[in-house]
Amino acid sequence: MDFIAGAIGGGLSTAVGYPLDTVKVRIQTERHYNGIWHCIQETYRTEKVWGFYKGVSASALAVSVISSVSFGTYKNFLCTICKLRYGAADAKPSKLDVSLAGGAAGAVRVVLMTPSEVAKVRMQTQRNPHPSILSPQPVSKPKYQGSLHCLKVIAKEEGFGGLYKGCSALLCRDCSSSAIYFLTYSVLCDWLTPAGKNKPGFLVVLLSGGFAGVLAWGLATPMDVLKSRMQTDESDQHKYKGLVHCARESVRKEGAKVLFKGLGLNCIRAFPVNMVVFVAYEAVLRFTDHY
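As the structure is a computational prediction, the values presented were derived from the model and not from experiment.

Rules and cut-offs
- Residues numbered from 1 in each chain as written.
- Predicted model: local features only at pLDDT ≥ 70, side-chain atom pairs only at ≥ 80, totals over all residues.
- Heavy atoms only, no water.
- Helix = DSSP H or I, 4+ residues; strand = E, 2+ residues; numbered from the N terminus.
- Buried < 20%, exposed > 50% of the residue type's maximum accessible area, 1.4 Å probe, protein only.
- Contact = heavy atoms within 4.5 Å.
- Core = buried A, V, L, I, M, F, W, Y, C linked by side-chain atoms within 4.5 Å.
- UniProt positions renumbered as here; feature names shortened; annotations may be inferred.
- Patch = residues over 30% accessible without salt bridge, like charges linked within 9 Å, V, L, I, M, F, W, Y side chains within 5 Å.
- Areas by Shrake-Rupley, 256 points an atom, 1.4 Å probe, with all protein chains shown as cover.
- Salt bridge = Lys/Arg side-chain N within 4 Å of Asp/Glu carboxyl O.
- Expected span 1.5 Å × (residues − 1).
- Bend = angle between axes of the 7 residues up to and from the residue.
- Arc of directions from axis to C-beta.
- Axes fitted to C-alpha atoms, helices over the stretch in contact; angles between N-to-C directions.
- Parallel < 35°, antiparallel > 145°, perpendicular 65-115°, else oblique.
- Left-handed = near helix turned anticlockwise from the far one by under 90°.
- Nonpolar A, V, L, I, M, F, W, Y, C, P; charged D, E, K, R; others polar.
- Phe/Tyr/Trp six-rings, centres within 6.5 Å; stacked < 30°, edge-to-face > 60°.
- Lys NZ or Arg CZ within 6 Å of the ring centre and 35° of its normal.

Peer 1: Please explain the overall build of the chain as it appears in this structure.
Peer 2: When helices and strands are tallied, the chain shows 9 helices and 0 strands. The order of α-helices and β-strands along the chain, N terminus first, is α-α-α-α-α-α-α-α-α. The buried share of the chain, taken over its 291 residues, is 48%. Sequence separation of 24 or more characterises 78% of the internal contacts of the chain that already satisfy a separation of 6 or more.

Peer 1: Sorry, what's going on with the nonpolar core here?
Peer 2: Of all hydrophobic cores here, the largest spans 19 residues; its most connected members are Phe71, Tyr74, Tyr181, Phe182, Tyr185 and Phe278. Where this core is concerned, the elements lending two or more residues are α3 (56-86), α4 (95-125), α6 (167-192), α7 (202-232) and α9 (263-290). Counting residues per element, this core draws most heavily on α9, which supplies 5 residues. Contacts of Tyr181, omitting those with residues within four sequence positions, involve Ala212, Gly213, Ala216, Asn274, Val277 and Phe278.

Peer 1: Just to check I follow, could you spell out the UniProt feature "transmembrane region" (unreviewed entry) in the chain for this structure?
Peer 2: UniProt's feature table lists "transmembrane region" (unreviewed entry) at residues 201-220 and 258-281, given in the numbering used throughout. The span residues 201-220 is 95% helix and 0% strand, and its two end C-alpha atoms sit 28 Å from each other. From the first C-alpha to the last, residues 258-281 spans 34 Å; its make-up is 79% helix and 0% strand.

Peer 1: Teacher, can you tell me more about unusual backbone geometry here?
Peer 2: Across the chain, the bulk of peptide bonds are trans and the bulk of non-glycine residues have phi less than zero. Notably, Lys48 is not glycine yet its phi reads approximately 60 degrees, a positive angle. The residue Lys48 is located in the loop between α2 (36-47) and α3 in this model. Residue classification places Lys48 among the partly exposed positions, given a relative accessible area of 24%.

Peer 1: What is the right way to look at a nonpolar patch on the surface in this model?
Peer 2: Residues Trp191, Leu192, Leu203, Leu207 and Phe211 make up a contiguous nonpolar surface patch of roughly 560 Å² in combined accessible area. For the nonpolar patch, the secondary-structure elements that each account for two or more residues are α6 and α7. Considering each element in turn, the nonpolar patch owes the most residues, 3 residues, to α7. Position of Leu192 relative to the elements: it lies in helix α6.

Peer 1: Please clarify how α4 should be interpreted in this entry.
Peer 2: Each α-helix winds once per 3.6 residues, and so residues spaced three or four apart point in a common direction. With 31 residues, α4 extends just 39 Å between its outermost C-alpha atoms, more than 12% less than the 45 Å of an ideal straight helix rising 1.5 Å per residue. Along its length, α4 shows its largest kink, about 50 degrees, at Met113, and proline Pro115 lies within four residues downstream of that point. With 22 of 31 residues buried, α4 is to be regarded as a mostly interior element.

Peer 1: Any chance you could explain α2 here in plain terms?
Peer 2: Helix length check: α2 (12 residues) gives 16 Å between terminal C-alpha atoms against 16 Å at 1.5 Å per residue, within 8%. Three or more residues of α2 are buried, namely Cys39, Thr43, Thr46 and Glu47. Looking straight down α2, one finds that the buried residues subtend no more than 85 degrees of arc, so they occupy a single side. Residue Lys48 follows α2 closely and has a positive phi angle near 60 degrees.

Peer 1: Help me understand the pattern of salt bridges, please; the structure alone is not making it clear to me.
Peer 2: When charged atoms on two side chains of opposite charge get close, those side chains can pair. Taken as a whole and judged by the stated rule, the model has 22 salt bridges. The partner of Arg122 in a salt bridge is Glu158, with the nearest N and O atoms 3.1 Å apart. One end of the pair, Arg122, is in helix α4; the other, Glu158, is in helix α5 (residues 147-158), with 36 residues separating them in the sequence. A salt bridge links Arg286 to Glu282; its shortest N-O distance comes to 3.6 Å. Placement of the pair is Arg286 and Glu282 together in helix α9, with a separation of 4 residues, close to one helical turn. A network of salt bridges, in which partner residues are shared, links Asp21, Lys24, Arg109, Glu117, Lys120, Arg173, Asp174, Asp224, Lys227 and Arg269.

Peer 1: Would you mind going over the packing of α4 against α6 with me for this structure?
Peer 2: How two helices pack is summed up by the angle between their axes together with the distance between the axes. Put simply, α4 and α6 touch, their axes get as near as 7 Å, and they point 140 degrees apart. Accordingly, the angle class assigned to the pair α4 and α6 is oblique. Taken as a pair, α4 and α6 cross one another with a handedness that is right-handed. Split into classes, the residues belonging to the contact of α4 with α6 amount to 13 nonpolar, 7 polar and 5 charged.

Peer 1: Explain the packing of aromatic side chains to me, please; I cannot follow it from the model alone.
Peer 2: Two descriptors summarise a pair of aromatic rings, namely the distance from one centre to the other and the angle between the planes of the rings. Throughout the structure, instances matching the rule amount to 11 aromatic pairs. Ring geometry for Phe71 versus Tyr281: centroids 4.4 Å apart, planes at 35 degrees, classification tilted. With Phe71 in helix α3 and Tyr281 in helix α9, this pair connects stretches of sequence that are 210 residues apart. Each member of the pair Phe71 and Tyr281 is classed as buried. Pairing Phe160 with Tyr164 gives two aromatic rings, centres 5.4 Å apart and planes at 40 degrees, and the pair type is tilted. Clustering of aromatic rings is evident, with ring pairs tying together Phe71, Tyr74, Tyr181, Phe182, Tyr185, Phe278 and Tyr281. Cation over ring: Arg286 sits above Phe202, and NZ or CZ is 5.0 Å from the ring centre.

This is the structure in structure tokens:
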């Protein structure tokens, strides 16, 4: 049931956070924006509302699957650890147990999500002017005409490895942030739940999920920047030879502050998105337990 609950929570969170995710990716990968508001204005001016939702269909499906795997892996891994250490799957886990299970969930998630992340980033950074602002001259079709078409083009031009660009940065980002994410949620739920209650109330779930997301994304931002930059590096560019080279080149050209591009936006987006994830997850589990 954890897999189904995770899938529903992930799908709903995509609908909430996708426009801000597009803005974040553009700020991280392109230098001509002066800030969040400038990026929002420029995107709307040239591409209207649809500009914020490029690649959303594939992303929603992928996030649902990935969230399902993430929550399912976390719960099953945690039960296995508890069974091995304490002799019972439902024993109260330690903070280390929760962190290890969270890290494992992050590692498994990376294998599934990298191709969809590459397609999402390429779609989000592709410029398609809205018809209302075009000049009378005909314009060429965009290189990527949808998420699936994008994946097909990448596989054809860059090979199978192109679908896993930025995988090293994604692995570093998700293993650490997922461990912190689940640990923070668990600790806050324990702390905020009154003594004598078995399960946290929905307000506690909302706050714990929101703050867990903010902390995890705050710490993950440097790797998120590098991941986005590596994934926009197309076959004819070859700007980056790997994670270390991408970090070195980015810092050399733009200073250390480049690693924190989109930090504020990540944190702003993380709170409502992860509130939705955990509330939907807990609601589905409690509904099925009840009936």
